[in-house]
Structure formats: C-alpha cells, structure tokens
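Descriptive analysis of the structure
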Amino acid sequence: TGEKLIASSQYEADFFQKSKKIPPNDNLLLDYTKKGKAISQIKIKLAAKKMNQALRSNVLSISFENQQTVWVPLGEFFGTGYQIHSSNTWFTKVAETGEMEASWIMPFKNSAKIEILNYGDQEVEAELEVYFIDYKWKKSSMYFGVSWHELNQIHTATDPEIENHEW
C-alpha cells in the first residue's frame, strides 16, 4: 500500500523544460498561456557552490492570470529547507542529487508564469521541468497558493549549562 501511495501518477501532459545559469539578481522564467490547463508537476534541479545558501536565496514564484500566489524559497517549497535531505512523500520528492519535485495540481484559467528568482550573491545553475494537464475550470476551482514567513530570534528557555546564554 505504501509503495502504491508514493508511486508517481502518470498523466498525459504537455511538458516544458528550461535550464539556465542564473546570475545574482536574475531569473529563469517559463511563461505558459493556454486555456483549460493545470500544472501537474514541477521538477527543479539546482546546482551551486554554496548549495545551502542557494536553497534559501533562490525563490520560486508562480503567478496565475498575472496574480502571484506562490513566493517561497526553493528548499522550503519542496520540504527540504536549506539543506538537501532526501525524502519521498505523497506530493514532494527530494533526491540526494538535488533534484526536487512537487506534484500538486495547480489549475488556472488562461495563463501561468513559473519563475526562479536568484536573490543570492552567487550564480546558480537551474533546470526547470513543468508538466501541464487538461483541467476544466469550474465555479468551485481555486488557485494554488503558498507563502513563506521566517521567524527568527525566537526566545527559548535558557540553558544554565552554557555561560553567557542570552536566551
């Protein structure tokens, strides 16, 4: 049962692939315009000298009908954080090689824009694959959305074993 649940679903899909060395403050963009579609899978492979930094400073942005509904660091979107940890869940998969994939259905009416934005100080090499399936937009359909917020300087209990422990 477990193997069946984590096995990839096969759909007949339009497939688009883009790769680029993204310098700091630049992006890789896939702009898709076609009525009656949904993103069924996104795969990204990222390569960088400082991979931990790249997972946090490269952001995935997705807009539907020119309305941004996703803005999240790449590592967070795929559930691996700022380090590559291999995992395989119902909706996401991360390989030790840095390949990351997500299989959420993301419907839209007419257009989708998928963008990797490099806010870091190093060039990164990115490979992007996006699969689009047929989808009939209904009154009850909704856009897929993700947001990310960092909480830092959260004060926790002090540790009497540590000298000058400020928290």
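Residues numbered from 1 in each chain as written. Predicted model: local features only at pLDDT ≥ 70, side-chain atom pairs only at ≥ 80, totals over all residues. Heavy atoms only, no water.

1. Here we look at the pattern of salt bridges
Two side chains bearing opposite charge may form a pair once their charged atoms approach each other closely. Within the structure shown, the criterion is met by 6 salt bridges. For the salt bridge of Asp134 with Lys37, the shortest nitrogen-to-oxygen distance reads 2.6 Å. Linking Asp134 in strand 11 (residues 124-134) with Lys37 in strand 3 (residues 37-47), this pair joins segments that are 97 residues apart in sequence. Accessibility expressed as a relative area gives 7% for Lys37, which makes it buried. Put simply, Asp14, Lys34, Lys37 and Asp134 are held in one network by salt bridges that share partners. (Salt bridge = Lys/Arg side-chain N within 4 Å of Asp/Glu carboxyl O. Helix = DSSP H or I, 4+ residues; strand = E, 2+ residues; numbered from the N terminus. Buried < 20%, exposed > 50% of the residue type's maximum accessible area, 1.4 Å probe, protein only.)

2. So, the environment of Thr97
Relative to the assigned elements, Thr97 resides in the loop between strand 7 (92-94) and strand 8 (99-102). We classify Thr97 as exposed; its relative accessible area is 51%. Taking the C-alpha atoms as reference, Thr97 lies 9.2 Å from Leu46; in sequence the two are 51 residues apart. For Thr97, the side chain forms a polar contact with the side chain of Glu99, separated by 3.3 Å. (Polar contact = N/O pair within 3.5 Å; in protein donor to acceptor, adjacent residues only side chain to side chain.)

3. A look at the nonpolar core
Of all hydrophobic cores here, the largest spans 33 residues; its most connected members are Ile39 and Ile114. Here Ile39 is in contact with Ile62, Phe64, Trp104, Ile105, Met106, Phe108, Ala112, Ile114, Val130, Tyr131 and Phe132, once residues within four sequence places are set aside. (Core = buried A, V, L, I, M, F, W, Y, C linked by side-chain atoms within 4.5 Å. Contact = heavy atoms within 4.5 Å.)

4. Some remarks on a negative patch on the surface
Together, Glu99, Glu123, Glu125 and Glu127 give the surface a local cluster of negative charge. Mapped onto the elements of the fold, Glu125 is located in strand 11. (Patch = residues over 30% accessible without salt bridge, like charges linked within 9 Å, V, L, I, M, F, W, Y side chains within 5 Å. Areas by Shrake-Rupley, 256 points an atom, 1.4 Å probe, with all protein chains shown as cover. Lys, Arg positive; Asp, Glu negative; His and termini not counted. Charge placed at Lys NZ, Arg CZ, Asp CG, Glu CD.)

5. Topic: the confidence of the model for the protein chain
Scored by pLDDT, the protein chain comes out at a mean of 89, with 89% of its residues at no less than 70. Summarising per-element confidence for the protein chain, the mean pLDDT is lowest in helix 1 (residues 2-6) (63) and highest in strand 10 (residues 111-118) (98). (pLDDT = per-residue confidence, 0-100.)

6. As for the sheet that holds strand 4 (residues 58-64)
Picture the strands of a sheet paired through backbone hydrogen bonds; they go either parallel or antiparallel. Reading across the sheet, the 5 strands line up as 2-10-4-5-12 and stay open at both edges, with mixed pairing between neighbours. Only two strands of the sheet have a single partner each, and these edge strands are strand 2 (27-33) and strand 12 (146-147). One ladder, built from 7 bridges, connects strand 2 with strand 10; its direction is antiparallel. Residue pairing for strand 10: Thr33 is matched across the bridge by Ser111. (Pairing = 2+ DSSP bridges.)

7. A word on the packing of aromatic side chains
For the structure on display, the rule yields 16 aromatic pairs. Judged by centre distance (5.2 Å) and plane angle (70°), the ring pair of Phe16 and Tyr32 falls under edge-to-face. Placement of the pair is Phe16 in strand 1 (residues 14-22) and Tyr32 in strand 2, with a sequence separation of 16 residues. Ring centres 6.2 Å apart and planes at 65° place the aromatic pair Trp90 and Phe91 in the edge-to-face group. Classification of Trp90 as exposed rests on a relative accessible area of 52%. By relative accessible area, which is 39% here, Phe91 ends up partly exposed. Among the aromatic residues, ring-to-ring pairing joins Phe16, Tyr32, Phe64, Phe108, Phe132, Trp137 and Tyr143 into one connected group. (Phe/Tyr/Trp six-rings, centres within 6.5 Å; stacked < 30°, edge-to-face > 60°.)

8. Description of the side chain of Lys37
In terms of polar contacts, Lys37 uses its side chain to reach the side chain of Asp14, at 3.3 Å. Beyond its immediate chain neighbours, meaning those up to four positions away, Lys37 contacts Asp14, Tyr32, Pro107, Phe108, Ile133, Asp134 and Tyr135.

9. Digging into unusual backbone geometry
Here Glu65, not a glycine, exhibits a phi torsion of approximately 50°, which is positive. Looking at the element boundaries, Glu65 is found in the loop between strand 4 and strand 5 (67-73).

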